[in-house]
Amino acid sequence: MMVSFHRNWTIFGSSLGRCRRIKIFRPAFSGQIRNNIGPGLFAGVGLTSLATLMLQVSLTRLFSVALWHHFAFMVVSIAFMGFGASGTLLMMAPKIKNLSLRPTLAHLALGFSVATLAAYLCSNIIPFDPARIIWDRYQWLYLLGCYVVLSIPFFFAGLILALVYTCKAEAVNRLYACDLVGAGLGCIALFLIYPFAGEIGTVVLVCLLSALASLAFRPNGWKVNLMRGPWMLALCVLFLTRPGFLALNISPYKALKAALRYPGARILETQWHPTGRLDLIESSAVRFAPGLSLEFRGRLPDQLGLCLDGGHLNAVTSFTGDMDRLSFTGSLPASLPYVIGRPNRVLIMNPLGGLDILTARYHGAKNIVTTHADPLALRVMRGSLRDFSGNLYKDKATAVEEQARSFLLRTPKRFDVIQLPLTDSLEAVSSGLYGLTEDYTLTVDAFKAYIGALTPEGLLAVNRYLLPPPRHEVRLAALACAALEAIGVKHPEGHIAAIRSWGTFTLLVKRSPFESQEIHRMKEFCRRLHFDLVCYPGMQRAEANKYNRFPSPIYHEIIQRVLNPHTREAFFKEYLFDVRPVTDDRPFFYHNFRMDRVAPLYRAVGNKWQLFIEGGYLVHLIFFQVIVISLILITLPLRKAGLASSSWFLAYFGLIGIAFMLTEICLIQRFILFLARPAYAFSVVLFSVLVASALGSYCSKKVSVTRTQILPLITPVLLLAYVFLLDRLLMLAIAWPLWMRHGVAFFVILPLGFMMGLFFPTGVRTLSQNLESAIPWAWAVNSCASVVGAVLAVVVALSWGFKAVFCLAAVAYSLALVVLFVQNLTHHRYEHDTK
């Protein structure tokens, strides 16, 4: 979280043993301000922080639906620079601190409320669309407009907190604790609000919360009440009526809008959750049968569309119990594991609309288990789609509401087939929007868990879209090979087979080596349906690329190089994309960007840059933008204030801002598997970190860092201990009930969060002793550094993994302690010399 800060007065500095007077403004009414601390101030700070956290997460969700998730990441990150801008303004215009505190805070909170709704409406109107960046140069101006508009409410919120900490430095530990607790409660509030409020209602509730903060800061005063009363009444009306002008404007290039352009298309139902939005649609565009053989001449059953976040289009197939109507599933590449063997016990991961369940039932599987990381689709399937789908998840499958990895770690069951189905649209995958997505279902550790949960003759089946140039398909083969070698298989090429259709790729991994009759069945399956063989034990080059032809059998040649231990490493080094197997520490399966291969790749695609509109490439552009904007905001006060005789605080507050965000993001990543769902990991970890840090902040006044360095030194030591011990500790409790795992997460995070909470108020009090005028500047530095830390965590994790991010956070905290120790030592020497 951001650190907030204090006000100006006259001090004396030292330079080479000589006293130098620094001219600083000191408010004449400071004594009145310092004595006027009541519960309303603490409540206002907590409500402001609560509204700010909810707004940040809400904007991320809204732009994930309206645009693409990596653009939401960019826009919200830049918008959060409003916090830094507030500190810069307060440093450059110190007269703001002369205003009466409570009325000023009340008006700023009301401005925060109005600015939030205005920013949402304006960003909804601005015609920015990332799909048009390729040919419309004005899109960059529209993107800049989004930056400016979305930064305004964060600017108001940041100014509120900066003023409070500036004028109430003696109570910074309690005020900062309220700030953190309010943000922590925001994590929980989102889970309660989103299901019934949706996108519009959540934005309006943020406006109401900031208006309530205004009321807490100053409940009386006829002028402010004259504005606040009608505004809050209008917000209540907007929340109850949800007028059409507040509806989210979704890009016309996303799958939802494209499907709704067909005649007679309509939305049947919409549900919101903190993890995403789900739309149930009726449209003739819905035809979901990935890789269906061109030899199939029948008719597909009726289907309804399931659209996640406006862009992931899946379908629910009508099923009345007549198995003959499911004959088309026999012509899908997903049928291959059922043709090779005769499985009975099947595990299907996140089947969404249930097509793979129907495929398994058509081929005679009786015992089907499904896992669901996202509750939205399962809720709709069990509710409004129960009759249409033939009550699929009650009578035909046992549904487990958690990630497959967590389920497999807890269950003793073994399966004949474990299937990772194809549930996304080709548009979603080909857009590159997964480049920054952590996917713990596609790592070496995950494949080891899947293979370990198979029966001796069991099969792991993975289906993905065929997306030239070869990247994801090659990495799948590399994952399988690495996982088999990790469990002791000496010749993994004997356990791997793959086929492709005109548009999909299917990988099979067998726990035992493939037998000749199984290979014969696979070859006959491909011959009958005109699918192409990619690899199997002993396959010849002439057998590949027969039906859906490329200029050469490129997939066969590349995957054979990956499976061959003598050519594998050389291929990884020379290939244009990063296709090395990924692990849980670096779980970015869809990130194939290589910085050292940008120029050759640009030439290979005909000197076109469209391929670089992908999350893995854009994160470096985002990082550059964040650095530039941060430097501007940090250096602006230089002309006004000049460099202080001691500028240690710039380094200190920058380092703790970066370190806090690096640690927070790593902890969320580490707990995803343990807490079964990413949404649970986000809310539980963020709540735990913020509340534990609030406790540390509250107790920080009792810790004298000028006298002892023992307590803060524990922080980098704890971080390094978490790097090596956290995963092992969590595995001890992985089989416990989910509510108990939530408690374990809180108590595991508690000691580290407590220590992290000591740094902020300690720095504020130290700065107030010798350079109080620079506190707003320190606020700006810490705010900007926090945003830099958030993007830096992704940049480092993409290249070196999350353990490296943890270690970097430990280094940042260690450097901050060194800076603080040197400053305290210098200050003590100066006091000694002046005596």
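Check the entry above for the structure.
Residues numbered from 1 in each chain as written. Predicted model: local features only at pLDDT ≥ 70, side-chain atom pairs only at ≥ 80, totals over all residues. Heavy atoms only, no water.

K.L.:
Got a minute to help me understand the overall build of the chain in this structure?
P.N.:
Each helix and strand counted, the chain has 28 helices and 14 strands in total. Taking all 835 residues of the chain together, the buried fraction comes to 61%. Residue pairs at least 24 apart in sequence account for 77% of intrachain contacts in the chain once pairs closer than 6 positions are excluded. (Helix = DSSP H or I, 4+ residues; strand = E, 2+ residues; numbered from the N terminus. Buried < 20%, exposed > 50% of the residue type's maximum accessible area, 1.4 Å probe, protein only. Contact = heavy atoms within 4.5 Å.)

K.L.:
What is the right way to read helix H27 (residues 775-800) from this model?
P.N.:
The α-helix advances 3.6 residues per turn, and as a result positions three or four apart in sequence lie on the same side. With 26 residues, H27 should reach 38 Å at 1.5 Å per residue; the first-to-last C-alpha distance of 35 Å fits that figure. Counting buried residues along H27, 24 of its 26 residues qualify, which places the element largely inside the surrounding structure. Looking one or two residues beyond H27, the residue adopting positive phi is glycine 801, at roughly 100°. (Expected span 1.5 Å × (residues − 1).)

K.L.:
Explain a nonpolar patch on the surface to me, please; I cannot follow it from the model alone.
P.N.:
A cluster of nonpolar side chains, Met92, Trp140, Leu621, Phe624, Val628, Ile632 and Leu636, forms an exposed patch at the surface whose accessible area comes to about 610 Å². It is helix H22 (residues 615-641) that provides the largest number of residues to the nonpolar patch, a total of five residues. A relative accessible area of 54% places phenylalanine 624 in the exposed class. (Patch = residues over 30% accessible without salt bridge, like charges linked within 9 Å, V, L, I, M, F, W, Y side chains within 5 Å. Areas by Shrake-Rupley, 256 points an atom, 1.4 Å probe, with all protein chains shown as cover. Salt bridge = Lys/Arg side-chain N within 4 Å of Asp/Glu carboxyl O.)

K.L.:
For this particular structure, what's the right way to read the packing of aromatic side chains?
P.N.:
For any pair of aromatic rings, the description consists of the separation of the ring centres together with the inter-plane angle of the planes. Going through the model one piece at a time under the given rule, you end up with 21 aromatic pairs. Ring centres of phenylalanine 447 and tyrosine 450 lie 5.9 Å apart, and the angle between their planes is 45°; this geometry places the pair in the tilted category. Remark: tyrosine 450 and phenylalanine 447 occur in helix H16 (residues 444-452); sequence separation between them is three residues, near one turn of the helix. The same class applies to phenylalanine 447 and to tyrosine 450, which are both buried. Considering the side-chain rings of phenylalanine 671 and phenylalanine 674, the 6.1 Å spacing of their centres and the 75° angle between planes classify their relative orientation as edge-to-face. Exposure remark for phenylalanine 671: the relative accessible area of 0% places this residue in the buried category. (Phe/Tyr/Trp six-rings, centres within 6.5 Å; stacked < 30°, edge-to-face > 60°.)

K.L.:
It is not clear to me how the sheet that holds strand E6 (residues 312-317) should be interpreted in this structure. Could you clarify?
P.N.:
Backbone-to-backbone hydrogen bonds pair the strands of a sheet. The strands run either parallel or antiparallel. Ordered by their spatial adjacency, four strands build an open sheet running E3-E4-E5-E6, and the pairing between neighbours is antiparallel. Since the sheet does not close on itself, it has two edges, and those belong to strand E3 (266-273) and E6, each with one partner. Each strand axis lies, on average, 20° off the axis of its neighbour in the sheet, ignoring direction. Bridging between strand E5 (residues 303-308) and E6 involves six bridges; their strand directions are antiparallel. For glutamine 303, the partnering residue across the bridge sits in E6 and is threonine 317. (Pairing = 2+ DSSP bridges. Axes fitted to C-alpha atoms, helices over the stretch in contact; angles between N-to-C directions.)

K.L.:
Looking at this structure, I do not really get unusual backbone geometry. What am I missing?
P.N.:
Glycine aside, residues mostly have negative phi, and peptide bonds are mostly found in the trans state. Residues proline 468 and proline 469 are joined by a peptide bond in cis, for which omega reads -5°. By the secondary structure assignment, proline 469 is in the loop between strand E11 (454-465) and helix H17 (472-486). Positive phi is not limited to glycine here, since leucine 352 has a value of about 50°. Mapped onto the fold, leucine 352 is located in the loop between strand E7 (345-349) and helix H11 (355-362). Residue leucine 352 is classed as buried on the basis of its relative accessible area, which comes to 7%. The phi torsion at histidine 530 lies on the positive side, around 60°, for a residue other than glycine. Of note, histidine 530 is situated in the loop between helix H18 (516-529) and strand E14 (532-535). Assessed through its relative accessible area of 33%, histidine 530 is described here as partly exposed.

K.L.:
Help me out: how do you make sense of the pattern of salt bridges in this one?
P.N.:
Oppositely charged side chains can pair when the atoms bearing their charge come close. If you walk through the whole model with that rule in mind, you get 21 salt bridges. Of the charged contacts in the structure, one is a salt bridge between glutamate 485 and arginine 568, with a shortest N-O distance of 3.2 Å. Note that glutamate 485 is positioned in helix H17 and arginine 568 in helix H20 (residues 568-574), a separation of 83 residues in sequence. Where salt bridges share partners, they join Glu199, Arg277 and Asp279 into one cluster.

K.L.:
Teacher, can you tell me more about the pairing of strand E13 (residues 504-510) here?
P.N.:
Side-chain positions along a regular strand alternate between the two faces of the sheet. E13 sits mainly inside the fold: seven of its seven residues count as buried. Here E13 shows a buried face lined by Thr504, Thr506, Leu508 and Lys510 and a second buried face lined by Phe505, Leu507 and Val509. As paired strands, E11 and E13 are joined by seven bridges and run antiparallel to one another. Bridge pairing links valine 462 to leucine 507 in E13. Relative to E13, strand E12 (residues 496-500) runs antiparallel, the two sharing five bridges.

K.L.:
Explain H17 to me, please; I cannot follow it from the model alone.
P.N.:
In this model, H17 (15 residues) spans 21 Å end to end at C-alpha, consistent with the 21 Å of a helix rising 1.5 Å per residue. Those residues of H17 that sit buried are His472, Glu473, Val474, Arg475, Leu476, Ala477, Ala478, Leu479, Ala480, Cys481, Ala483 and Leu484.

K.L.:
How do you make sense of the packing of helix H5 (residues 101-125) against helix H8 (residues 222-241) when you look at a structure like this?
P.N.:
A pair of packed helices is captured by two measures, namely the crossing angle of their axes and the spacing between those axes. Orientation of H5 relative to H8, taken along the N-to-C sense of each, is 30°, at an axis distance of 11 Å. Classified by the interaxial angle, the pair formed by H5 and H8 is roughly parallel. The chirality of how H5 crosses H8 is left-handed. Contacts between H5 and H8 involve Ala106, His107, Leu110, Ser113, Val114 and Leu117 from the first element and Val224, Met227, Arg228, Trp231, Leu235 and Leu238 from the second. Taken together, the residues that form the contact of H5 with H8 break down as nine nonpolar, two polar and one charged. (Parallel < 35°, antiparallel > 145°, perpendicular 65-115°, else oblique. Left-handed = near helix turned anticlockwise from the far one by under 90°. Nonpolar A, V, L, I, M, F, W, Y, C, P; charged D, E, K, R; others polar.)

K.L.:
Honestly, the environment of isoleucine 188 in this entry has me stumped. Any pointers?
P.N.:
Tracing the chain through its elements places isoleucine 188 in helix H7 (residues 172-217). Between the C-alpha atoms of isoleucine 188 and methionine 54, which are 134 residues apart in sequence, the distance is 9.7 Å.

K.L.:
Mind showing me how you'd approach the sheet that holds E13 here?
P.N.:
Pairing is mixed across the open sheet formed by eight strands, whose spatial order is E9-E8-E7-E10-E11-E13-E12-E14. Whereas interior strands pair on both sides, the edge strands pair on one side only; in this sheet they are strand E9 (398-400) and E14. When the angles between neighbouring strand axes are averaged without regard to direction, this sheet yields 20°. H18 contacts E11, E12, E13 and E14 of the sheet and is inclined by roughly 5° relative to E12.

K.L.:
Looking at this model, I keep getting lost on the side chain of arginine 61. Mind explaining?
P.N.:
Tracing the backbone through its elements, the reader meets arginine 61 in helix H2 (residues 39-66). Contact partners of arginine 61, with chain neighbours within four places excluded, come to Tyr194, His273, Pro274, Thr275, Gly276, Arg277 and Asp309.

K.L.:
In this structure, what is going on with the side chain of arginine 277? I would like to understand it.
P.N.:
Its location among the elements puts arginine 277 in strand E4 (residues 276-282). Look past the residues within four positions of arginine 277 in its chain and what remains in contact with it is Arg61, Val65, Glu199, Ile250, Leu256, Thr270, Gln271, Trp272, Cys307, Leu308, Asp309 and Leu376.

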